[in-house]
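The primary structure of each chain is shown beneath.
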Amino acid sequence: MVPFIGVPFIGISDIQRLLQRVGIGAFIERLAGEIEADYRRWEQFEKSARVASHSTVGVIELMPTSDGQQYAFKYVNGHPQNTAAGLLTVTAFGVLADVQTGYPLLLSELTITTALRTAAMSALAARWLARPGGSTMAIIGNGAQSEFQAIAFHRLLGVRALRLYDTDPAATAKLLRNLRAMPELRDLQLHVATSTADAVMCAHIVTTVTADKRNAVILTPSMVKPGMHLNAVGGDCPGKTELHVDILTRPGTRVVVEFAPQSRIEGEIQQLPANFGVTEFADVVSGQSIGRADADEVTVFDSVGFALEDFSALRLLHQLLQEHGDLRRTIDLVPELTNPKDLFGGVLGTTQRLQRVA
Ligand code: NAD
């Protein structure tokens, strides 16, 4: 066999074991800390809007970034019609690599990790933007991402009541079942709403995490009350939004984005002129901008998902494999050659020799 450099690999069974070991809530909390630390060193990162390949049914995207020491990219898709065919709307995988050599340090599934990192980012943003003390959240869209959002806001924000709504009642029933099965969420009150308007009534925080490839209007201005924090997760592609545009432009509303050049293409703010004033989250964590002016201000986290968050997630996974060595496995992704210039002889020459022997 050709000698190879074992590249750490995290598949679905590996992430399951890791999460069983560290706990989902604890993982999300630690990841939120890593993401915040990385946003604090925003200027060290190479930043670009993601590279998107659109089709009539969805999008496939590549999300790269580097801090000069390490490089990461994520492959991710978004296909809202997939669930009707028994497939996920969002799947992903990614790589962490060493900038010095270009060699991969980790190849990982990122489907589950994307849900974890999106929830971690949502809760982190809400910690900076939402009115303190609000304990009721509405979740509109009860699909694959929704449990992760619930766990993150319970753990990081002290949310103790959830009001749930989905146009598909089976999705809400699934969310209820999953949340009720978690011992650590025993103190969470769950209410199934009859409509979005019913769900957002008396909510301090509203998370919209629906999937529809169009300019949907999930929230209208009359549903938004002073002091609310809106965590708008589902609008993350050109032509795919969730908030009525007047919510964004109404005086007394602050819109916070991850990386403005990408959000202007993909976020809720794609509905607005290119000079519409927004705050980047990095400026909030560095203290250059405030997150919330007063108790009545409406804050909007216009989430689309930025490469830095996946970089943080991949680094955390890499770190966790070092902490839990017994869960570490590798794959033969890169050959190890005595003569690195003899790729052919070192790999294929051996195979041909083996075939001849067989
Ligand atoms: P999903 O298909 O599993 O769930 C979406 C749910 O939304 C479905 O249950 C659907 O019935 C419901 N829905 C659709 N229209 C609705 C409406 N008008 N009112 C109420 N419910 C409605 O998808 P998912 O994996 O949970 O992802 C949800 C969304 O989040 C997608 O649009 C995805 O692209 C986006 N997303 C964003 C980020 C980010 O970083 N911002 C990360 C991951 C996913």
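Everything here concerns the structure above.
A brief look at the structure comes next. All chains use their own residue numbering, which begins from 1 and follows the written sequence. In view of the model being predicted, local features appear only for residues whose pLDDT reaches at least 70, and side-chain atom pairs are presented and counted only at 80 or more, with totals across whole chains, interfaces and linings using the full set of residues. Note that water and hydrogens are dropped before the side-chain values are worked out from all heavy atoms of the structure.

1. As for the pattern of salt bridges
Worth spelling out the cut-off: A pair is scored as a salt bridge if a Lys or Arg side-chain nitrogen falls within 4 Å of a carboxyl oxygen belonging to Asp or Glu. Secondary structure elements are defined from DSSP: runs of H or I of at least 4 residues count as helices, runs of E of at least 2 residues count as strands, and each element is numbered from the N terminus. Accessibility here uses a 1.4 Å probe with only protein chains present; expressed as a share of the type maximum, an area under 20% marks a residue as buried, one over 50% as exposed, and anything in between as partly exposed.
In the structure shown here, the tally under the stated rule is 19 salt bridges. In this structure, Arg40 and Glu36 form a salt bridge, with 3.6 Å as the shortest nitrogen-oxygen distance. Taken together, the residues span about one helical turn, with Arg40 and Glu36 both in helix α2 (residues 24-40) at a distance of four residues. The residue Glu266 makes a salt bridge to Arg50 at a minimum N-O spacing of 2.7 Å. In this pair, Glu266 is assigned in helix α8 (residues 260-266) and Arg50 in the loop between α2 and β2 (51-54), connecting sequence segments 216 residues apart. What makes Arg50 buried here is its relative accessible area of 9%. Residues joined by salt bridges that share partners form a network here, namely Lys74, Arg117, Glu309 and Asp310.

2. So, the site of the ligand
Which entries qualify depends on this criterion: Being near a molecule or strand, for a residue, means having at least one of its heavy atoms within 4 Å of it. In protein, a polar contact means a hydrogen-donor-capable atom and an acceptor-capable atom, both N or O and within 3.5 Å, with residues adjacent in sequence counting only if both atoms are side-chain atoms; elsewhere, any N or O pair within 3.5 Å suffices. For the area figures, the Shrake-Rupley method with a 1.4 Å probe applies, and any residue is considered shielded solely by the protein chains shown. Under the convention adopted here, Pro, Cys and the residues Ala, Val, Leu, Ile, Met, Phe, Trp and Tyr are nonpolar, Asp, Glu, Lys and Arg are charged, and Gly plus all remaining residues are polar.
Around the ligand, 25 residues are found, and the nearest of them are Thr89, Asp166, Asp236, Lys240 and Ser303. A distance of 2.8 Å is found between a nitrogen atom of the ligand and a side-chain nitrogen or oxygen belonging to Ser303. Within the backbone of Val304, an N or O atom sits 3.5 Å from an oxygen atom of the ligand. Here the ligand loses 89% of its free accessible area of 860 Å² to cover by the protein chains. Looking at side-chain class alone, the shell around the ligand contains nine nonpolar, eleven polar and five charged residues.

3. Regarding the sheet that holds β2
So the rule is basically this: Strands were regarded as paired on the criterion that DSSP finds at least two bridges between them. An axis is simply a line fitted to the C-alpha atoms; with a helix, the fit covers only the stretch in contact. Between two such axes, the angle follows the N-to-C directions and lies from 0 to 180 degrees.
Spatially, β2-β3-β4-β5-β6-β1-β17 is the arrangement adopted by the seven strands of the open sheet, whose pairing is mixed. Where the open sheet ends on each side, the last strands, each with one partner, are β2 and β17 (330-335). When strand polarity is set aside, the average angle formed by the axes of neighbouring strands in this sheet is 20 degrees. Direction of pairing for β2 relative to strand β3 (residues 59-66): antiparallel, over a ladder of four bridges.

4. A few points about the nonpolar core
Keep this limit in mind: We call a set of buried Ala, Val, Leu, Ile, Met, Phe, Trp, Tyr and Cys residues a nonpolar core when their side-chain atoms join them within 4.5 Å.
Counting 67 residues, the largest nonpolar core has Tyr39 and Leu162 as the members making the most contacts within it. Looking at which element gives the most residues to this core, the answer is helix α3 (residues 111-129), with ten residues. Among the nonpolar cores identified, the runner-up in size contains 27 residues, and Ala193, Leu272, Phe276 and Val298 belong to it.

5. Topic: the sheet that holds strand β14 (residues 253-257)
Defined as follows: Whether two residues touch is decided by their heavy atoms; if any such pair falls within 4.5 Å, the residues are in contact.
Here we have eight strands laid out as an open sheet, ordered β9-β8-β7-β10-β12-β16-β14-β15, and parallel in their pairing. Of all the strands in the sheet, the pair left with one neighbour each is β9 (189-192) and β15 (279-280). Bridging between strand β7 (residues 136-140) and strand β8 (residues 161-165) involves five bridges; their strand directions are parallel. Each residue of the ladder has a partner; that of Ala138, found in β8, is Arg163. Contacts from α3 reach β12 (229-232), β14 and β16 (298-302), with the element oriented near 155 degrees to β16.

6. Quick look at the side chain of Glu36
Take Glu36: its relative accessible area is 16%, and that puts it in the buried class. In contact with Glu36, not counting residues within four places along its chain, are Leu124, Trp128 and Val285.

7. Let's talk about α3
Worth spelling out the cut-off: Helix span, as expected, comes to 1.5 Å for every residue beyond the first.
The end-to-end C-alpha distance of α3 is 27 Å, a good match for the 27 Å that 19 residues give at a rise of 1.5 Å each. Burial within α3 is extensive, with 16 of its 19 residues counted as buried.

8. Section: the side chain of Asp67
Tracing the backbone through its elements, the reader meets Asp67 in the loop between β3 and β4 (70-78). Since its relative accessible area comes to 10%, Asp67 is described here as buried. A polar atom in the side chain of Asp67 sits 2.9 Å from the backbone nitrogen of Gln69. A distance of 2.8 Å separates a polar atom in the side chain of Asp67 from the backbone nitrogen of Gln70.

9. Quick notes on the pairing of strand β5 (residues 92-98)
Counting buried positions along β5 gives five out of seven residues, so the element sits mostly inside the fold. In terms of strand pairing, β4 meets β5 through seven bridges, oriented antiparallel. Bridge pairing in β5 places Tyr75 opposite Phe93. Note that β5 and strand β6 (residues 104-109) share five bridges and pair antiparallel. Directly across from Val95, in β6, lies its bridge partner Leu107. A loop of five residues connects β5 with β6, the two strands running antiparallel in sequence, and Gly102 in this loop sits at a positive phi of about 80 degrees.

10. As for the packing of α2 against helix α10 (residues 307-323)
Two measures define how a pair of helices packs: the angle their axes make with one another and the distance between the axes. This is how it is decided: In this scheme, roughly parallel covers angles under 35 degrees and roughly antiparallel covers those over 145, while 65 to 115 is roughly perpendicular and the rest are oblique. Two helices that cross are described as forming a left-handed crossing if the nearer one is turned anticlockwise from the farther one by less than a right angle, and a right-handed crossing if clockwise.
Put simply, α2 and α10 touch, their axes get as near as 9 Å, and they point 125 degrees apart. By the angle between their axes, α2 is oblique relative to α10. Crossing geometry of α2 relative to α10 is assigned as right-handed. In contact with Phe27, Arg30, Leu31, Glu34, Ile35, Asp38 and Tyr39 of α2, α10 contributes Leu308, Glu309, Phe311, Ser312, Ala313, Arg315, Leu316, Leu317, Gln319, Leu320 and Glu323. Here the residues of the contact of α2 with α10 sort into ten nonpolar, two polar and six charged.

Everything listed here is a matter of coordinates, which is why it stays silent on function.
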